Amino acid sequence: MSAPKFTKTIYVPCLRLKAGEYRGLHHLSHDVKDKITPRLVVPPPKDKDPELWASTHS
């Protein structure tokens, strides 16, 4: 991902830095990537990621 271009941003989602959100950002098309600047919130260590737990305990 390239550096954000704040002059073209039209959407700023606030996402928790979890596996699903990260994968979703990775799969965005280039025209969408050029128009968003995601703010990623790192959850505290004690918060469990249900997606990660499910993938490791199946």
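What counts as what
Every chain's residues receive numbers from 1 upward, in the order its sequence appears when written. Local features in this predicted model are restricted to residues whose pLDDT is 70 or higher, and side-chain atom pairs enter the listing and the counts only when it is 80 or higher, whereas totals over whole chains, interfaces and linings include all residues. With hydrogens and water set aside, each side-chain value is computed from the structure's full complement of heavy atoms. A run of DSSP states H or I qualifies as a helix once it reaches four residues; a run of E qualifies as a strand once it reaches two. Both are numbered from the N-terminal end. Per-residue accessibility, obtained with a 1.4 Å probe over protein chains only, is compared with the maximum for each type, and a residue is labelled buried under 20%, exposed over 50%, and partly exposed between these values. By definition, residues are in contact when any of their heavy atoms lie within 4.5 Å. On a scale of 0 to 100, pLDDT captures the predictor's confidence in every residue. Only residues whose relative accessible area exceeds 30% and that form no salt bridge enter a patch; like-charged residues are grouped when within 9 Å of one another, and nonpolar side chains (Val, Leu, Ile, Met, Phe, Trp, Tyr) when within 5 Å. Accessibility throughout is a Shrake-Rupley quantity obtained with a 1.4 Å probe, and a residue counts as covered only by protein chains that appear here. Here, a salt bridge means any Lys or Arg side-chain nitrogen found within 4 Å of an Asp or Glu carboxyl oxygen.

Asks: Sorry if this is basic, but what is going on with the overall build of the chain here?
Replies: Counting secondary structure elements, the chain contains 3 helices and 2 strands. Of the regular secondary structure in the chain, the N- to C-terminal order runs β-α-α-β-α. Relative to its 58 residues, the chain shows a buried fraction of 12%. The contacts of the chain with a sequence gap of at least 6 include a subset with a gap of at least 24, amounting to 78%.

Asks: Even after reading the chapter, I still don't get the confidence of the model for the chain, so can you show me in this structure?
Replies: Detailed conclusions should not be drawn from predicted coordinates in areas where pLDDT is low. Looking at the chain as a whole, the pLDDT averages 81, with 72% of positions reaching at least 70. Across the chain, element-level confidence peaks in strand β2 (residues 39–41) with a mean pLDDT of 92 and bottoms out in helix α3 (residues 50–56) with 69.

Asks: Would you take a moment to explain a nonpolar patch on the surface for this structure?
Replies: On the surface, a nonpolar cluster with roughly 420 Å² of combined accessible area is contributed by L17, Y22, L40 and V42. One can find L17 in the loop between β1 (14–16) and α1 (19–26).

Asks: Please explain the environment of T37 as it appears in this structure.
Replies: With respect to the helices and strands, the residue T37 is situated in the loop between α2 (30–33) and β2. Assessed through its relative accessible area of 10%, T37 is described here as buried. In the structure, T37 is positioned 27 residues away from I10 in sequence and 8.2 Å away in space, judged by C-alpha atoms.

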